[in-house]
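Residue-level listing of the chains:
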Amino acid sequence: MPRHLRVAAAQVGRIDRFSDQSNTAPRSEVLSRLIALLEAADKQSVKLVVFPEITFTTFFPRYLINDEAELDSFFEVEDAETGIASSPNVKPFFDRASQLGIDVVVGYAEKSPEGNYNTASYVSNGQALTKYRKVHLPGTFEPFNDHPDTTNQLEKRYFKPGNLGFQAFRVPNLRHGTKSPIVGMLICNDRRWAEGWRCYGLQGVEIMCIGYNTVAWAPELWGADPNMDRDVARQDALFHHKLVCQANAYTNATFCITAARCGWDDGKFELITGSMIIDPEGHIVAENKTDGDELIVADIDLDACQQGKTRTFAFEKHRRPEHYGVIVERAGVVEPPEVL
Ligand code: CDT
């Protein structure tokens, strides 16, 4: 029996650091846009919506923020009972998702007694089923320079590396017949690392959920030619995003939903689009048409994962873990000795 499910990526457009003419963040405006996306999903009977990394605010790690109160305003604390971020800036979003009976994957900056993390939570029926903390934090601790137009990537300054590993989980709310979907979460830069994908692949993942904020133009970050044409740079960033998601969805025989925070934040920091739904053979089955708020919807059949999982990528038949030790023994490259 096929296991059909209607899913969506919620692409979220421009969010500025401050509202017009003020030093406050545009929180209520963002909240109503996110709720509008939920309501659009409800109208189309979508059961699961994936939102971006750091959904509720601008991507603040691009700024060096020395004002503690401002920095703190980007973080959320989770409610002890539900596990859901609960400030008035975000609670109406989760309440609406619960009223509509829609499961959501949502990214936010998490403040916890263990430290601060870049987190994504899977929320179903008013409860956080589980959460993932971003493992691969890109960029630097110190800013590249103090020019106001430089795009920094200060995740190593603001977050600790995730400490929860790559734990796939079942979602009983989306059960079809006897089998609940097996879901995994990655956050932005994680999608570029095959290691995390394989950890999920080895747990039989069927839907990989990925939110991201990817700069379209940041020569300091990418190490690219600073004279590179901006259109070429944007196309390259989009190409690499699609390349890693399609390739890793295919090699782990899983659907993949990617949700972009995109557009020109503050009118000058551009983030790529590329929100899409990919099937387990690596094909894009739905993708964004705009560079603003948009819902990308697809009907998927989870049993389509079986082709890859039972043939080309039947791990138990074909993998040779006895040869993969180097992957967990070291982080960096050790080149073979030079031949004299
Ligand atoms: N948010 C995030 O992780 N962004 C990074 C930017 C590039 S790091 C070289 C990404 O991987 O898309």
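Residues numbered from 1 in each chain as written. Predicted model: local features only at pLDDT ≥ 70, side-chain atom pairs only at ≥ 80, totals over all residues. Heavy atoms only, no water.

A. Representation of the environment of Asn 145 within the structure. Here Asn 145 lies in the loop between β6 (127-133) and α4 (155-158). Residues Asn 145 and Leu 64, 81 residues apart in the sequence, show an inter-C-alpha distance of 9.6 Å. When near neighbours in sequence (up to four residues on either side) are disregarded, Asn 145 contacts Thr 150, Asn 152 and Glu 220. Polar contacts involving the side chain of Asn 145 include one to the main-chain amide nitrogen of His 147, which spans 2.8 Å. (Helix = DSSP H or I, 4+ residues; strand = E, 2+ residues; numbered from the N terminus. Contact = heavy atoms within 4.5 Å. Polar contact = N/O pair within 3.5 Å; in protein donor to acceptor, adjacent residues only side chain to side chain.)

B. Representation of a nonpolar patch on the surface within the structure. Together, Tyr 324, Val 326, Ile 327 and Val 328 line one region of the surface with nonpolar side chains, adding up to about 380 Å² of accessible area. Structurally, Val 328 can be placed in helix α10 (residues 325-329). On the basis of relative accessible area, Val 328 is assigned to the exposed category, the value being 76%. (Patch = residues over 30% accessible without salt bridge, like charges linked within 9 Å, V, L, I, M, F, W, Y side chains within 5 Å. Areas by Shrake-Rupley, 256 points an atom, 1.4 Å probe, with all protein chains shown as cover. Salt bridge = Lys/Arg side-chain N within 4 Å of Asp/Glu carboxyl O. Buried < 20%, exposed > 50% of the residue type's maximum accessible area, 1.4 Å probe, protein only.)

C. Structural detail: the packing of helix α1 (residues 27-43) against helix α3 (residues 91-100). At their nearest, the axes of α1 and α3 sit 9 Å apart, and the two run at 10° to each other. In terms of orientation, α1 and α3 fall into the roughly parallel class. Of the residues in α3, those in contact with Leu 31, Leu 34, Ile 35, Leu 38, Glu 39 and Asp 42 of α1 are Pro 92, Phe 93, Arg 96, Ala 97 and Leu 100. Among the residues forming the contact of α1 with α3, the class breakdown is eight nonpolar, no polar and three charged. (Axes fitted to C-alpha atoms, helices over the stretch in contact; angles between N-to-C directions. Parallel < 35°, antiparallel > 145°, perpendicular 65-115°, else oblique. Nonpolar A, V, L, I, M, F, W, Y, C, P; charged D, E, K, R; others polar.)

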